[in-house]
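The residues making up each chain are set out below.
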Amino acid sequence: MSLGDSPHPGGLAAIERALGPGGVLLPDRDDVHRYEVDVRGMVGHAAVVLRPSCTDEVRTVLTWALEQGVQLVPQGANTGVVGASVPDGSRRQGVLSLERLRWPLDVQADERTVVAGSGLRLSEVNDAAREHGLHLGIDVGSDPSVGGMVSTNTGGSRLIRYGDVRRHLLGLEVVLPRPGAPVLSQLRTLRKDNSGLDLKQLFVGTGGSFGVVTAAAFSLDRVPDQVVTALLVPRDMRAAMTALARIEAAAGEMLSAFEFMSGPALAAVRTFGPPRLRWPFGTAGPPPLSVLVELSSRGQGAGSAARQDLQQLLVESVSTLLEMGELRDAVQGSPDKLWPLRHEMIDALRRGGVVVGHDVSVPRRRLAAFHAAVSELVKVEAPGWTLADFGHLGDGGLHVVLWWPADRGPAPPLPPALRQALYDLVAANDGSFSAEHGIGPANIERYRHYVAGEVQELTRAIKTMTDPGGVLVGSGLGCSEPAGIPG
Ligand SMILES: Cc1cc2nc3c(=O)[nH]c(=O)nc-3n(C[C@H](O)[C@H](O)[C@H](O)COP(=O)(O)OP(=O)(O)OC[C@H]3O[C@@H](n4cnc5c(N)ncnc54)[C@H](O)[C@@H]3O)c2cc1C
């Protein structure tokens, strides 16, 4: 129901009074647009933007929405890439922005934990943690909010070392959109707790479908004091996976990243990336396939000696792989020179043309064959498009990016058969059609197609229990109607 159809004409005035100045933004204001458009340019129209500033105000908002029959899209930093953080085009959905929930921010150095308000950014949590030599080891090219990270179970480039958000989550505070808006307060920092159902897991990676996250407690890791990096040039993808297994066996948990970059993606960084980037291959063009490998450690000994040990470990592993013929080449370089190549990749591709991304994962043992099949598929089904893929080989994640450079003229539509065949290939390889970006209007149809019927049925049953009025939309998980595609 839209606000205009509200049975309570005084509805808006009541919520404006409850949230105070800056708590309610109406659609006629210029500053509303940023809540309506996401990073990929999906645009909707918000009936209203509600900005509570504490848990009690979130309760008030959810109670009000239930009474008024208003649907709300929870929104954190709005860096999600599946359209789940913006309203649809109906002008009937409101945005529930959690950006003002900036309290608490409490780092407990002795127990390596932080309790953080939902609206705080990852960078802010890490700034506070670094004062104690600690960090939340989630490495992404965006700066998401605490609530958004929980709701999408953010992964990133160092997942192989630190894991995803789920692995760090110790406690959660959530408000349910049920009558009375009960608060599930499990903000404890226990590392062991088997006193009952671990309810917080229900809210991880489920896109805010079951409740609104108002604060979270995370475990932290020590910031490494030694970090070494190199660029590897494997013979092919199979050799890249052999290199991964070898280096992992030698370095154990000191292996903190193993990032694949295809030749076309690197070429785009060279041409469209910032001029300050240092090109590591001399005058040569990019090899068809490169890997950024990072080893890091802490407390293995003092200063430069420890760094030399780590460097030595990397050099020995790489030398063996070169002798075996698995690597064609390897280039040493410091992290501040090599990481920008990877971090600038998606922006450079966007600057240079049209990007169509697919965020998939398959078991590591199948990655090489899967990658070969995808390359073949693109050649046959999408002639003219360039496969400019990259990804997190260490965890089986691959961003299958199809790229149409701007200098080739307007991009033709991608044949629908290609997408279908790609996702069928993912499914046949026991993989996931959404490795780290979660569910939203951009991929809810894939959820309906590929996720087992009994899982969907149980998800709907849980949604009915946690959100009987169907207030929370956005990801569309557990909703019986298709989520709206932003107009
Ligand atoms: C350049 C770039 C690089 C990226 N790289 C990665 C990457 O490497 N790995 C990765 O995993 N992701 C990556 N992302 C995706 C994105 O940053 C993550 O999905 C992020 O965790 C979203 O957090 P957010 O605060 O922006 O949430 P939003 O985008 O605001 O929302 C995302 C979802 O969470 C829900 N939500 C938000 N806050 C709450 C809350 N408090 N309570 C309940 N539900 C809520 C929303 O309704 C929506 O369904 C990248 C994005 C960009 C733009």
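Above: the structure in question.
Residues numbered from 1 in each chain as written. Predicted model: local features only at pLDDT ≥ 70, side-chain atom pairs only at ≥ 80, totals over all residues. Heavy atoms only, no water.

Section: the sheet that holds strand 1 (residues 24-25)
- With mixed pairing, four strands are arranged side by side in an open sheet as 1-2-4-3. The open sheet has two free edges, formed respectively by strand 1 and strand 3 (71-75), since each of these has just one partner strand.
- Where strand 3 and strand 4 (residues 93-97) come together, five bridges link them in parallel fashion. Bridging across to strand 4, Gln 71 finds its partner in Gln 93.
- Of the strands in this sheet, strand 2 (49-50), strand 3 and strand 4 touch helix 3 (residues 55-68), which is tilted by about 155° from strand 3. (Pairing = 2+ DSSP bridges. Helix = DSSP H or I, 4+ residues; strand = E, 2+ residues; numbered from the N terminus. Contact = heavy atoms within 4.5 Å. Axes fitted to C-alpha atoms, helices over the stretch in contact; angles between N-to-C directions.)

Focus: the site of the ligand
- Around the ligand lies a shell of 32 residues, among which Pro 74, Thr 79, Gly 80, Ser 142 and Ser 145 are the nearest.
- Contact between the ligand and Ala 84: an oxygen atom at 3.5 Å from a main-chain N or O atom of the residue.
- With respect to the ligand, the side chain of Thr 154 contributes an N or O atom lying 2.7 Å from an oxygen atom.
- Against a free-state accessible area of 980 Å², the protein chains account for coverage of 93% of the ligand.
- Of all the secondary-structure elements, those providing two or more residues to the shell around the ligand are strand 3, helix 5 (146-152) and strand 10 (212-219).
- Tallied by class, the residues present in the shell around the ligand amount to ten nonpolar, 21 polar and one charged. (Near = heavy atom within 4 Å. Polar contact = N/O pair within 3.5 Å; in protein donor to acceptor, adjacent residues only side chain to side chain. Areas by Shrake-Rupley, 256 points an atom, 1.4 Å probe, with all protein chains shown as cover. Nonpolar A, V, L, I, M, F, W, Y, C, P; charged D, E, K, R; others polar.)

What to know about empty space enclosed by the protein
- Scanning all chains against the criterion turns up one cavity of 30 Å³ or more.
- Computed from the structure, the largest cavity encloses a volume of approximately 30 Å³.
- Every residue along the wall of the largest cavity is listed here: Leu 172, Val 174, Leu 184, Gln 186, Leu 199, Lys 200 and Phe 203.
- Those elements that provide at least two residues to the lining of the largest cavity are strand 8 (169-175) and strand 9 (183-186).
- Taken together, the residues that form the lining of the largest cavity break down as five nonpolar, one polar and one charged. (1 Å grid on protein atoms, 1.4 Å probe; cavity = no way out; pocket = protein on both sides within 12 Å on 5 of 7 lines; lining within 4 Å. Points joined across faces, edges and corners; volume = space filled by probe spheres on them.)

Focus: the nonpolar core
- Counting residues in each nonpolar core, the largest one holds 50 residues, and the members touching the most others are Leu 232, Phe 258, Leu 295 and Leu 393.
- For this core, the leading source of residues is helix 8 (residues 237-251), giving seven residues.
- Non-local contacts of Leu 232, meaning those with residues more than four positions away in its chain, are made with Ile 247, Phe 258, Leu 289, Ser 290, Val 291, Val 293, Val 318, Leu 327, Asp 329 and Ala 330. (Core = buried A, V, L, I, M, F, W, Y, C linked by side-chain atoms within 4.5 Å. Buried < 20%, exposed > 50% of the residue type's maximum accessible area, 1.4 Å probe, protein only.)

Structural notes on the sheet that holds strand 18 (residues 386-387)
- Overall, antiparallel pairing links the three strands, which are arranged 16-21-18 in an open sheet. On the outer flanks of this sheet lie strand 16 (353-356) and strand 18, each paired with one strand and no other.
- Examined bridge by bridge, strand 16 and strand 21 (residues 402-405) share four bridges and lie antiparallel to one another. Paired with Val 356 across the two strands is Leu 402, which belongs to strand 21.
- The sheet contacts of helix 12 (residues 345-352) involve strand 16 and strand 21, and relative to strand 16 the element is tilted by about 130°.

What to know about the side chain of Gln 456
- Mapped onto the secondary structure, Gln 456 falls in helix 16 (residues 453-466).
- On the basis of relative accessibility, which here comes to 9%, the residue Gln 456 falls in the buried class.
- A polar atom in the side chain of Gln 456 sits 3.1 Å from the backbone oxygen of Arg 448.
- Only 2.9 Å separates the side chain of Gln 456 from the backbone oxygen of Val 451, close enough to count as a polar contact.
- Discounting chain neighbours no more than four positions away, the residues touching Gln 456 are Tyr 447, Arg 448 and Val 451.

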